[in-house]
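# Examining the three-dimensional arrangement
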Amino acid sequence: MIDWAWIGDHLDELAFRTIQHLYLAAIAVGVGFAISFGLAIWSIRRRAVYPPLAAIAGVLYTIPSLALFAALVPVTGLRSILTAEVPLVAYTILIFLRNIVAGFDSVPTDVLEAADGMGYTRGRRLWRVELPLAIPLVVAGIRLATVSTIGLVTVTGILGDGLGGLGFFLFEAYRHSFPTETLLGAIPLMILAVVVDVVLVRIQRRLTPWIQPTQPADDPEIATAAG
Amino acid sequence: MSLVEQTVTWLTDPANWQGAAGIPTRIGEHVVLAAIALALAVAVALPIGLLVGHTRRGAALAVNLANLGRALPTLALITIVLPVTAAFDKELGFKVYPTMIAMIVLGIPPILVNAYVGIAGVDPELVESARGMGLREAQVLGRVEVPIALPVLAGGIRSAASQIVATTTLGAIFGGVGLGRYLVEGLAQNDNGKIFGGVVLVAALCLATEGLFALIQARLVSPGLAAPARGWANRTQPGRPASA
């Protein structure tokens, strides 16, 4: 059933696709985080902009990934990395925006008042007081966005063999009716998602040593997923 | 022709509105597949979630299993299942079952987790007083816990519905039916009108599903709870609550 010799012959390819998968996901999570962080700060300063921003992000999030990739093909081209990254970034925004705003909202008012009373400027209070206290929810958002992006990167395989990361193997397996190749894509994919999640949890523990591991961080996940 | 013109031409071409690959047929396939998958996911997940929430037994196991289902990338799931179902049925084993199985597996976690969290979150004093009034366990669940937790339960079903409708689209990549076919064929044929027509239809269906279930959810709040429950329901509603 499983052709082990074939797998042995394709370990180079596996390494290449794993790295491609990671960088496609990393670009999306990085860019998505930067955009969302800006939008979140804007939302905190001006409450009125949050509902429309969240609504737009929510609509984008409801549209299936395949449709967003397809919609960009006539605009940015089939084999372009831009066609892959724009939807991947778009999907992270709702997750990040909600979690970053919720993170800042979770900072108790008396803490903010204490910081003001100590003479902190607005910017200094943001970086030195609010951000550290928001970290658990922000990291929860990063975990969710990263795991979901790792899944979605597979779909970019439809844009050509130059993209797709580990998803490339799934497309190849389907074209050649070759189940062994499915496993070469699917199993490393799941391992990748779990390992990245565990690493992010470790990082969060490092960043917030005042939180006991027995007390799990809040994880306000969101209603829909793009598949 | 501009992209908009191409899309409008494709969407208004009468030839695209009839036959086995016509828009009504594809919408029908999409909706029927998604509805069956949702019904099966509810049938599996709701009883387990209610039971776990009521008895508070096996919560960690149920929630962890549900999370595991969520970590599976959809495409991987479809391709893993495909050779197995194809061996059983030459026709449906390619076109329907792989996507269907993926949809059910992805639909279960939000329903199960919300059912569990919703029921377990009901004020224990209310449950105690219901028992004190002589209600049997099934009545406590059916008459007290479920009505109070209904917005949370409905939130889970709504998440599942959105996810299932989205997954049906993805199934088209590996030969599945439904509206996703237009996207896959449009990309393969380099037909921008078909691609964008498909995008418009898929987006409309997904947003309509989300809207419909949001409406149902809003109406489901028990009248006795309507006013005070609103803020609470809004907070708990987004799919997967804190303990997930």
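Residues numbered from 1 in each chain as written. Chains lettered and ligands numbered in written order. Predicted model: local features only at pLDDT ≥ 70, side-chain atom pairs only at ≥ 80, totals over all residues.

## Quick word on the overall build of chain B
Spelled out, the test is: Secondary structure elements are taken from DSSP: a helix is a run of H or I of four residues or more, a strand is a run of E of two residues or more, and numbering for both begins at the N terminus. Every C-beta atom is placed from the backbone, and the number of other C-beta atoms within 10 Å of a residue's own sets its class: buried at 20 or more, exposed at 12 or fewer, partly exposed in between. By definition, residues are in contact whenever their C-beta atoms, placed on the basis of the backbone, come within 7 Å of each other.
Along the backbone of chain B there are eleven helices and zero strands. Walking chain B from its N terminus toward its C terminus, one meets helices and strands in the order α-α-α-α-α-α-α-α-α-α-α. Residues classed as buried in chain B amount to 49% of the 244 residues present. Residue pairs at least 24 apart in sequence account for 75% of intrachain contacts in chain B once pairs closer than 6 positions are excluded.

## Let's talk about the overall build of chain A
When helices and strands are counted, chain A shows nine helices and zero strands. In terms of overall dimensions, chain A has a C-alpha envelope of 70 × 40 × 25 Å along the principal axes. Counting all 227 residues of chain A, 45% fall into the buried class. Considering only residue pairs separated by 6 or more positions, chain A has 72% of its internal contacts joining residues 24 or more positions apart.

## Observations regarding the packing of helix H9 (residues 180-189) of chain B against helix H10 (residues 192-219) of chain B
Residues and elements named next belong to chain B. The following threshold applies: What counts as an axis is a line fitted to C-alpha atoms, over the stretch in contact for a helix, and the angles between N-to-C directions run from 0 to 180 degrees. When describing relative orientation, an angle under 35 degrees is termed roughly parallel and one over 145 degrees roughly antiparallel, while 65 to 115 degrees is termed roughly perpendicular and anything else oblique. Throughout, a crossing is termed right-handed when the near helix is turned clockwise from the far one, and left-handed when it is turned anticlockwise from it by less than a right angle.
Close contact between H9 and H10 brings their axes to 8 Å; oriented N to C, the two are set at 160°. The angle between the axes of H9 and H10 places the two elements in the roughly antiparallel class. As for how H9 packs across H10, the hand of that crossing is left-handed. Within the contact between the two elements, H9 uses Gly180, Tyr182, Leu183, Glu185, Gly186, Leu187 and Gln189 and H10 uses Lys194, Ile195, Gly197, Gly198, Val199, Leu201 and Val202.

## So, the nonpolar core
Our working rule: Nonpolar cores are identified as sets of buried Ala, Val, Leu, Ile, Met, Phe, Trp, Tyr and Cys residues joined via C-beta atoms within 7 Å.
Within the largest apolar cluster, 129 residues are counted, with the highest numbers of intra-cluster contacts made by Ala67(A), Ala70(A) and Leu183(B). Ignoring any residue separated from it by four or fewer positions in sequence, one finds Ala67(A) in contact with Thr169(B), Leu183(B), Val199(B), Val202(B) and Ala203(B).

## Comments concerning the environment of Val31(B)
Here Val31(B) lies in helix H2 (residues 23-55). In this structure, the C-alpha to C-alpha distance between Val31(B) and Thr168(B), residues 137 residues apart in sequence, is 8.9 Å.

## Quick word on the environment of Leu75(B)
Tracing the sequence through the fold places Leu75(B) in helix H4 (residues 74-88). Residues Leu75(B) and Ala161(B) lie 86 residues apart in sequence; the distance between their C-alpha atoms is 18 Å.

## Remarks on unusual backbone geometry
Although it is not a glycine, Ser177(A) adopts a positive phi angle of roughly 45°. You can see Ser177(A) is positioned in the loop between helix H8 (167-176) and helix H9 (179-207). At Asn190(B), a position not held by glycine, the phi torsion is positive, near 55°. Along the chain, the position of Asn190(B) falls in the loop between H9 and H10. The class for Asn190(B) is exposed, based on 11 C-beta atoms found within 10 Å.

## Considering helix H5 (residues 81-105) of chain A
For an α-helix, the turn length of 3.6 residues means that residues three or four places apart are oriented alike. All names here are of chain A. Using the following cut-off: A helix is expected to reach a length of 1.5 Å times the quantity of its residues less one. Consider a residue and the seven residues that end there alongside the seven that start there; fitting an axis to each set, the bend is the angle between those axes.
In a regular helix each residue adds 1.5 Å, so 25 residues correspond to 36 Å; H5 covers 36 Å between its end C-alpha atoms and thus fits that length. Where H5 bends most, at Ile93, the angle is about 30°. A large share of H5 lies buried, amounting to 20 of its 25 residues.

## Quick notes on helix H6 (residues 97-120) of chain B
All names here are of chain B. When the terminal C-alpha atoms of H6 are compared, their 34 Å separation across 24 residues agrees well with the 34 Å that a helix rising 1.5 Å per residue should span. In the structure, H6 departs most strongly from a straight axis at Ile108, where the bend amounts to approximately 25° and where the proline Pro109 lies between one and four residues downstream. In terms of burial, H6 is largely enclosed, as 22 of its 24 residues are buried.

## Brief notes about the environment of Thr12(B)
Residues and elements named next belong to chain B. Secondary-structure assignment places Thr12 in helix H1 (residues 3-12). Given 10 C-beta atoms within a 10 Å radius, Thr12 is considered exposed. For the pair Thr12 and Gly197, spaced 185 residues apart in sequence, the C-alpha to C-alpha distance is 9.6 Å.

## Details of the confidence of the model for chain A
All names here are of chain A. Operational definition: Values of pLDDT, ranging from 0 to 100, describe the predictor's confidence in every residue of the model.
Model confidence for chain A is summarised by a mean pLDDT of 88, while 93% of its residues fall at 70 or above. Ranking the elements of chain A by mean pLDDT puts helix H1 (residues 4-9) last, at 87, and helix H2 (residues 11-45) first, at 95. This model gives residues 215-227 a pLDDT under 50, and the stretch forms 52 contacts once residues within four places in sequence are excluded.

## Focus: the packing of H8(A) against H9(A)
In a pair of packed helices, the angle between the axes and the distance between the axes together describe the arrangement. All names here are of chain A. Relative to each other, H8 and H9 sit at 165°, their axes nearing to 7 Å. Taken together, the axis directions place H8 and H9 in an arrangement best described as roughly antiparallel. For the pair H8 and H9, the sense of crossing is left-handed. In this structure, H8 uses Gly167, Phe169, Leu170, Glu172 and Ala173 to contact H9, whose residues at the interface are Pro179, Glu181, Thr182, Leu184, Gly185 and Ala186.

## Concerning the confidence of the model for chain B
All names here are of chain B. On average, residues of chain B score 86 in pLDDT, and 90% of them reach the 70 mark or higher. Mean pLDDT across the elements of chain B ranges from a minimum in helix H11 (residues 226-236), with 47, to a maximum in H2, with 94. When the criterion is pLDDT under 50, residues 229-244 qualifies, and its contacts beyond four places in sequence or with other chains add up to 31 contacts. The complex model carries a pTM of 0.84, and its ipTM stands at 0.81.

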